[in-house]
Amino acid sequence: MKKRFIQLAVVTTLMCGLTACGESKNKRGTDEIRVETSGDSQGQTADSEDKTTEAANDGESIWQDPAVGDKIAEINLYIDAYYYNDIDRERQEEALYDGIMSGLDDPYAGYYTQEEFEELQEESSGEYVGIGAVLTQDVDKVITVVRPIAKSPAFEAGLLADDIICEVDGKDVSGEELELVVKWIRGEEGTVAHLKVYRPSIEDYMEFDIRRRVVENLTVSSEMLDNQIAYVKVEQFNENTDEEFAEQLDALRVKGAKGVIIDLRDNPGGLVTSVVNMCNYIMDDGVIVSTKDRDDNQIQCYQADDKLSMDLPTVVLVNGNSASASEIFSGAMQDTGKAEIVGVQTYGKGIVQSVIPLSDGSAIKLTIAKYFTPNGTDIHTKGITPDYVVELPDGQTNAVSIDREVDTQFQKAVEVMNEMM
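Residues numbered from 1 in each chain as written. Predicted model: local features only at pLDDT ≥ 70, side-chain atom pairs only at ≥ 80, totals over all residues. Heavy atoms only, no water.

A few words on the overall build of the chain. When you go through the chain residue by residue, the secondary structure sums to 10 helices and 22 strands. In the chain, which comprises 421 residues, the share counted as buried stands at 49%. Surface summary for the chain: the accessible area is close to 19,500 Å², and the carbon and sulfur share equals 47%. (Helix = DSSP H or I, 4+ residues; strand = E, 2+ residues; numbered from the N terminus. Buried < 20%, exposed > 50% of the residue type's maximum accessible area, 1.4 Å probe, protein only. Areas by Shrake-Rupley, 256 points an atom, 1.4 Å probe, with all protein chains shown as cover.)

Structure follows, in structure tokens:
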């Protein structure tokens, strides 16, 4: 069953203090390119302004149709005349913009108010206020914890991966959109979020009072394993992830690392620029990833600059929750022969979103392109097949809380690494 992720704190992890897997406002696992209105930021094409003008002039839009304006006026006439409750004009206006984006039939598209856009930018940086949990929502609108962030309030309170969110402050979340539930969980520093969850492992309900605070959104952790094998876990791709990765791996190399295992399991994605920089740190040269627009025109071709390359044997761990930017990284490593991939088929999100600021401080997110691995492979809805397909025991799909003694994927990665060294 396909899921959508929200990074309640990322650029898809809208880290409302939660994170719902790149993920990003509406859905998780979002590879995002920031498009600035100045036109000179990463990801904006030289002819983007021309395309905007062309699109506006390409036939008569529904907004130029007098019948649409007349219908809206007629609807409001009846609302003004008969509606029993008070009318929130600001909420109506925001719903109109939300409706425009919803009508695109794009699960990753969305509208951000100015406040939401500011939160989004905060959440893709180094810290934010919240409880510190990554959430996901499946097609049945069941909201599940992907992982609590290390040292966060959610982690300290005992929230676990696979916990199903049932209530927030006494409000039933059944059937609610993930972004709304995220808003309920978010709050001011020092206030308490009361969560009721269902824990499948014990087949029972549990309740938590979690005090919101500033959560440092560190996305990389590392350690040295036996036989001088470096282990680096990357939780998601934020603005600071590539720098964290390089710093920690450099430190392990100084300590004599002879090989590295990079764990991208349950990593929902994030910023394209961050994952490209990570690939550039490792690769010698060549294409990292390319993107094409709806007309099959190449928008970007990211290439390693050959200024730095890592000469250590490398193994990458992935699973079904490794999405978008994680798949860019895995695809680049696999196609260029820089790493062996261990785990199970990845999520299969091969499309790129752009967050576009609007003139009043709000923003929209649009799917603007599809990306391709160095060999030109389209992995959207397909995912990446590991070189070594290894399932977790007992039907487990989440690697967050599994002990290493029974973590068959981790053990295989160590085995493969020892053979490579």
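Further remarks concern the packing of helix α7 (residues 241-254) against helix α8 (residues 272-282). Their axes nearest at 8 Å, the elements α7 and α8 cross at an angle of 25°. By the angle between their axes, α7 is roughly parallel relative to α8. Taking contact as the criterion, the partners of T241, D242, F245, A246, L249, D250 and R253 in α7 are, on α8, S274, N277, M278, Y281 and I282. Along the lines of polarity and charge, the residues of the contact of α7 with α8 split into six nonpolar, three polar and three charged. (Axes fitted to C-alpha atoms, helices over the stretch in contact; angles between N-to-C directions. Parallel < 35°, antiparallel > 145°, perpendicular 65-115°, else oblique. Contact = heavy atoms within 4.5 Å. Nonpolar A, V, L, I, M, F, W, Y, C, P; charged D, E, K, R; others polar.)

All chains considered together, the criterion is met by five aromatic pairs. Arranged with centres 5.2 Å apart and planes meeting at 55°, the rings of Y97 and Y111 form a pair that is tilted. Of this pair, Y97 sits in helix α3 (residues 89-102) while Y111 sits in strand β4 (residues 110-112); the two residues are 14 residues apart in sequence, bridging distant segments of the chain. With a centroid separation of 5.7 Å and an interplanar angle of 75°, the aromatic rings of Y231 and F410 are classed as edge-to-face. Of the two residues, Y231 sits in strand β14 (residues 229-234) while F410 sits in helix α10 (residues 408-420), which places them 179 residues apart along the sequence. The class of F410 is buried, set by a relative accessible area of 9%. Its guanidinium or amino end placed over the ring of Y108, K349 lies 4.7 Å from that ring's centre, counting from NZ or CZ. Over the ring of Y231 we find R404; its NZ or CZ atom is 4.7 Å from the centre of that ring. (Phe/Tyr/Trp six-rings, centres within 6.5 Å; stacked < 30°, edge-to-face > 60°. Lys NZ or Arg CZ within 6 Å of the ring centre and 35° of its normal.)

Turning our attention to the packing of α8 against helix α9 (residues 325-335). Following both chains from N to C, one finds α8 and α9 inclined at 20°, their axes separated by 9 Å at the closest point. Regarding the angle of α8 to α9, the classification is roughly parallel. In this structure, the crossing between α8 and α9 has a hand that is right-handed. The residues of α9 that touch α8, namely those facing V275, M278, C279 and I282, are A325, I328, F329, A332 and M333. Its residues placed into classes, the contact of α8 with α9 shows nine nonpolar, no polar and no charged. (Left-handed = near helix turned anticlockwise from the far one by under 90°.)

It is worth spelling out unusual backbone geometry at this point. Non-glycine residue Q228 carries a positive phi angle of around 60°. Relative to the helices and strands, Q228 resides in the loop between β13 (220-225) and β14. In this structure Q228 comes out as partly exposed when scored by relative accessible area, which is 28%. Although it is not a glycine, S324 sits at a positive phi angle of roughly 45°. Along the chain, the position of S324 falls in the loop between β18 (314-318) and α9. Taking relative accessible area as the criterion, S324 reaches 0% and is therefore assigned buried.

The next point concerns the environment of T273. Its location among the elements puts T273 in helix α8. Judged by relative accessible area, T273 falls into the partly exposed class, the value being 31%. Each C-alpha atom, one on T273 and one on F237, is 8.8 Å from the other, the two residues being 36 residues apart in sequence.

Attention now moves to the side chain of K233. The topology assignment puts K233 in strand β14. When its relative accessible area of 12% is taken as the criterion, K233 is described as buried. At 2.6 Å, the side chain of K233 forms a polar contact with the backbone oxygen of R265. When residues no more than four places from it in sequence are discounted, the contact partners of K233 are T219, V220, S221, D263, L264 and R265. (Polar contact = N/O pair within 3.5 Å; in protein donor to acceptor, adjacent residues only side chain to side chain.)

For the rest of this paragraph, the subject is the pattern of salt bridges. The final tally for this structure, using the stated rule, is 16 salt bridges. R212 is the salt-bridge partner of D169, the closest N and O atoms lying 3.9 Å from each other. Of the two residues, D169 is situated in the loop between β8 (164-168) and β9 (171-172) and R212 in the loop between β11 (204-211) and β12 (213-216); the sequence distance between them amounts to 43 residues. Accessibility expressed as a relative area gives 39% for D169, which makes it partly exposed. Relative accessible area serves as the criterion here: at 5%, R212 is assigned to the buried category. The partner of E223 in a salt bridge is R404, and the shortest N-O contact between them spans 2.7 Å. Here the residue E223 occupies a position in strand β13, and R404 occupies one in the loop between β22 (388-389) and α10, the gap between them amounting to 181 residues. Taking relative accessible area as the criterion, R404 reaches 30% and is therefore assigned partly exposed. It is possible to trace a salt-bridge network through shared partners that takes in K233, D263, R265 and D407. (Salt bridge = Lys/Arg side-chain N within 4 Å of Asp/Glu carboxyl O.)

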